[in-house]
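Observations on the model geometry
If you want the building blocks of each chain, they are given just below.
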Amino acid sequence: MHGKVVVITGATSGIGEVAAQHLADMGARIVLVARDKTRAEAALTRLRNSDAGISHSVHYGDLSRISEMKRLAVEIAAAEPRIDVLINNAGAMFSSRRMTEDKLELTFAVNHMAYFVLTHGLRERLLASSPARIVNTASGAHQGRALDFEDLQSAKGYSAVNVYGRSKLCNILFTRELSRRWRGRGVAANCLHPGFVASRFGDGSGGLLSLGMRLAKTFAISPEKGAETIVYLASSPDVAGVSGEYFYKCRPATPTTEACDDAAAERLWIESAKLAGIDA
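Below: a short report on this structure. (Residues numbered from 1 in each chain as written. Predicted model: local features only at pLDDT ≥ 70, side-chain atom pairs only at ≥ 80, totals over all residues. Heavy atoms only, no water.)

**A word on the side chain of H59**
To be explicit about the condition: The numbering of helices and of strands both runs from the N terminus, where a helix is a DSSP run of H or I of at least 4 residues and a strand a run of E of at least 2. Burial classification: accessible surface area is computed with a 1.4 Å probe over protein chains only, and a residue below 20% of its type maximum counts as buried, one above 50% as exposed, and the rest as partly exposed. Contacts were defined at the residue level, with two residues in contact if any of their heavy atoms lie within 4.5 Å.
Its place among the elements puts H59 in strand β3 (residues 57-60). We classify H59 as buried; its relative accessible area is 12%. Not counting residues up to four positions away in its chain, the partners in contact with H59 are V31, L32, V33, A34, L72, E75, I76 and A79.

Here it is, written out as structure tokens:
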């Protein structure tokens, strides 16, 4: 990874922070995308302390806002002549239905649209850096979920767990369609289930959900274990040229039938492009 540039979201804590540190230790230069300046500066300091000779950096923005994702992509592209790896890792779950200023349900906005818009905005840098990689953090929580294209914003009924699971299904479908559309362009796109990890995830969900998540984490794996597949997909020569796959524990895994629906993947791409106001 020496000389490689890695852009990563959700790397101020949990598996993203661990993955960023491991990739930095392998010689990569890390470009953090963050919202909280205090946590981001602390993460940046840790990265810099591990190798003072590498100029890691951070860009700030709200992952729930389409305009912010577009601005961030422009800023990063202007600062980075090449991007070798993009890791879309940030995610959240909320106990109640909340809407963004873009009139998107918040889970859908953060967990799916941020992946879609940032990837699209960094497209030229990734293609120009071939061979490049995109790693999307999905989840086994997609199991048992299906998309309702007439209700992507969960207006008909809200369950935090179900909505989160659908957003992770979106991650897998997005990865498949991204791989199909960029086939032969030198950019591999894969996604993964990190396992149930004892991290900050879910702590700010609110209400009984936050309490339940904290209790459940008694049985969770460490962030170090959860980050292993991210690092593997971002760096291993074993997956050079592999694209459109879903991984668990550094091995290809089979997602649900709904997650393998190529017609749904294409429709999700088209609908997401409309919501983002960009060409499909």
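**Digging into the packing of aromatic side chains**
As a reminder, the rule being used: The pairing test for Phe, Tyr and Trp rings, Trp by its six-membered ring, is centres within 6.5 Å, and the orientation test on the planes gives stacked under 30 degrees, edge-to-face over 60, and tilted for anything in between. Sitting over a ring, as applied to charges here, requires NZ of Lys or CZ of Arg to be within 6 Å of the ring centre and within 35 degrees of the ring normal.
Evaluation of the coordinates by the stated rule reveals 4 aromatic pairs. Grouped by ring-pair contacts, the aromatic residues F116, F174 and W269 constitute a single cluster. Just above the ring of Y60 sits the side chain of K37; from NZ or CZ to the centre is 5.3 Å.

**Digging into the pattern of salt bridges**
Here is the rule we go by: Here, a salt bridge means any side-chain nitrogen of Lys or Arg that lies within 4 Å of a carboxyl oxygen of Asp or Glu.
Considering all chains together, one arrives at 17 salt bridges under this definition. Its salt-bridge partner being R71, residue E68 comes within 3.0 Å of it at the nearest N-O pair. Placement of both E68 and R71 in helix α3 (residues 66-79) is noted, with a separation of 3 residues, approximately one turn of the helix. Salt-bridge contacts for E177 lead to R180; the nearest nitrogen and oxygen are separated by 2.5 Å. Here E177 and its partner R180 are both found in helix α6 (residues 160-181), 3 residues apart, which amounts to about one turn of the helix. Take E177: its relative accessible area is 2%, and that puts it in the buried class. It is possible to trace a salt-bridge network through shared partners that takes in R65, E101 and D102.

**With respect to the environment of D36**
As a reminder of what qualifies: Polar contacts, as used here, are pairs of N or O atoms within 3.5 Å; protein pairs need one atom able to donate a hydrogen and one able to accept it. Residues neighboring in sequence count only if both atoms are side-chain atoms.
Along the chain, D36 turns up in the loop between β2 (29-34) and α2 (37-50). Using a relative accessible area of 31% as the deciding quantity, one classes D36 as partly exposed. Spatially, the C-alpha atoms of D36 and S139 are 24 Å apart, while their sequence positions differ by 103 residues. Among the polar contacts listed, one links the side chain of D36 to the backbone nitrogen of T38, at a separation of 3.0 Å.

**A look at the sheet that holds β2**
Inclusion rule: Paired strands are those between which DSSP finds at least two bridges. To get an axis, a line is fitted to the C-alpha atoms, and for a helix only the part in contact is used. The angle between two axes follows their N-to-C directions and goes from 0 to 180 degrees.
Strand order in the open sheet formed by 8 strands is β3-β2-β1-β4-β5-β6-β7-β8, with mixed pairing between adjacent strands. One side of each edge strand has no neighbouring strand; the edge strands of this open sheet are β3 and β8 (251-253). Adjacent strand axes in the sheet meet at a mean angle of 25° when their direction is disregarded. In the sheet, strand β7 (residues 246-248) pairs with β8 via 3 bridges, with the strands oriented antiparallel. Counterpart to Y246 in the pairing with β8 is A253. Along the sheet, α6 contacts β5 (132-137), β6 (187-193) and β7; its crossing angle with β6, the most-contacted strand, is approximately 160°. Docked against the sheet, helix α8 (residues 223-235) engages β4 (85-88), β5, β6 and β7, running at close to 160° with respect to β5.

**Details of the packing of α3 against helix α4 (residues 106-121)**
Note the threshold: Any angle that falls under 35 degrees is termed roughly parallel, while one over 145 is termed roughly antiparallel, one within 65 to 115 roughly perpendicular, and all others oblique. In this scheme the handedness of a crossing depends on how the near helix is turned from the far one: anticlockwise by less than a right angle means left-handed, clockwise means right-handed. Amino acid classes used here: Ala, Val, Leu, Ile, Met, Phe, Trp, Tyr, Cys and Pro are nonpolar; Asp, Glu, Lys and Arg are charged; the rest, including Gly, are polar.
Close contact between α3 and α4 brings their axes to 8 Å; oriented N to C, the two are set at 30°. By the angle between their directions, the pair α3 and α4 is classed as roughly parallel. Once α3 is placed against α4, the crossing between them reads as right-handed. Along the contact surface, α3 presents I66, M69, K70 and A73, while α4 presents M113, A114, V117, L118 and G121. In the contact of α3 with α4, the residues fall into 7 nonpolar, 1 polar and 1 charged.

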